[in-house]
Amino acid sequence: MINLEEIREIVKGKILLNEPLAKYSTFKIGGPADIYIEPRNVDELLNLLRYLKEREIDFVILGNGSNVLISDEGFRGAVINLEAGLNFIKVEGECVIAGAGVKLARFVDFCIENGFRGVEMLAGIPGTLGGAIIMNAGAYSGEISDYLVDVDVIRNLNLVRLKKDECGFGYRRSKLTDDVVVQARFKFPSGDIEEMKKIRREILIKRNLSQPVNFPNAGSIFKNPPGDYAGRLIEQAGLKGVQIGDAQISEKHANFIINKGNAKAKDVLELINLAQSKVYEKFGVKLELEIRLIGFKEEEIKSLV
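So, a few notes on the structure that sits alongside this text.

Calculation criteria
Residues numbered from 1 in each chain as written. Predicted model: local features only at pLDDT ≥ 70, side-chain atom pairs only at ≥ 80, totals over all residues. Heavy atoms only, no water. Salt bridge = Lys/Arg side-chain N within 4 Å of Asp/Glu carboxyl O. Buried < 20%, exposed > 50% of the residue type's maximum accessible area, 1.4 Å probe, protein only. 1 Å grid on protein atoms, 1.4 Å probe; cavity = no way out; pocket = protein on both sides within 12 Å on 5 of 7 lines; lining within 4 Å. Points joined across faces, edges and corners; volume = space filled by probe spheres on them. Helix = DSSP H or I, 4+ residues; strand = E, 2+ residues; numbered from the N terminus. Nonpolar A, V, L, I, M, F, W, Y, C, P; charged D, E, K, R; others polar. Phe/Tyr/Trp six-rings, centres within 6.5 Å; stacked < 30°, edge-to-face > 60°.

1. Some points on the pattern of salt bridges
So, step 1. Enumeration according to the criterion identifies 18 salt bridges in this entry.
So, step 2. Residue D152 is joined to R161 by a salt bridge in which the shortest nitrogen-to-oxygen separation is 2.7 Å.
So, step 3. Judged by its relative accessible area of 11%, D152 is buried.

If you want it as structure tokens, here you go:
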């Protein structure tokens, strides 16, 4: 049972009841959360998580709302947003230290302006640093973990520091999925600022030309299978442009599903199921989800990976 007054004693940041989540999602899809909370700092976050655990209240961390599909029914429990409280970024010695709530675009810009090379390929990826680290976001042969030194996480209700080799990074994955990322430290090589700006500009142009940036979407729906591309397989299965309700497999890039107006999560799920089944039927490849599903009942998603 959620007790608003007790939570207000712990968190002095924004707290909202029955808050619609669609406006916090890049997909613009999602029902209400029982309670939406923005802790102001790590202490408030840690105390909040301990409170929720003690009362057996489910919670989910929501960053910029990219790379997620939220149920039409919303989320029964607490949705915690770290953007307001953990959005710091600074240079300390030879390292860049950034909070989990920092938007990736700001992180990329900060590194470039300070002459640090190695994150230009992340230009144009929506989301926050915490989510990007958990899924080891990357593009154009680079990953966010490439120059990571260590990451501070809340694990088992304790704040711990993990070195890079303790995080289990792989292609679009890590061993941090049950943790709450608080901040990360990076050590980048130096680079030419104007050259990095040029690379960033070229990547942004390439993304805008190849991806459906004019429609709400969650980014790539599926991970690329080894040696191939999910978008190519979906296109070859004849699904480009297929639409259910206001959800459509993008005609521009088949590994994107777009919201053409008032798409529902159930419409997107149907398209995901269709893509998986048709690609498996034609190529024998089981496409694995890259996006995270929030608030769904087990029976709704049991067939998905």
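Continuing now.
2. Notes on the layout of surface pockets
So, step 1. Estimates place the volume of the second largest pocket at around 360 Å³.
So, step 2. Around the second largest pocket, the lining is made up of 14 residues, and of these K53, F59, N156, L157 and D178 lie nearest the centre.
So, step 3. Secondary structure elements with two or more residues in the lining of the second largest pocket: helix 2 (42-54) and strand 10 (148-155).
So, step 4. Split by residue class, the lining of the second largest pocket holds 7 nonpolar, 1 polar and 6 charged.

3. Some details on the packing of aromatic side chains
So, step 1. The tally for this structure, following the rule as stated, stands at 6 aromatic pairs.
So, step 2. Between Y24 and Y36, the aromatic rings sit 4.4 Å apart at their centres with planes inclined by 20°, giving stacked as the arrangement. Of this pair, Y24 sits in the loop between strand 1 (15-20) and strand 2 (32-37) while Y36 sits in strand 2; the two residues are 12 residues apart in sequence, bridging distant segments of the chain.
So, step 3. Residues Y147 and F188 carry aromatic rings whose centres are separated by 5.7 Å and whose planes lie at 55° to one another, so their mutual orientation is tilted. Taken as a pair, Y147 in the loop between strand 9 (142-143) and strand 10 and F188 in the loop between strand 12 (180-186) and helix 5 (193-210) lie far apart in primary sequence, 41 residues in all.
So, step 4. Within the aromatic cluster, the residues linked to one another by ring pairs are F107, F116, Y147, F186 and F188.

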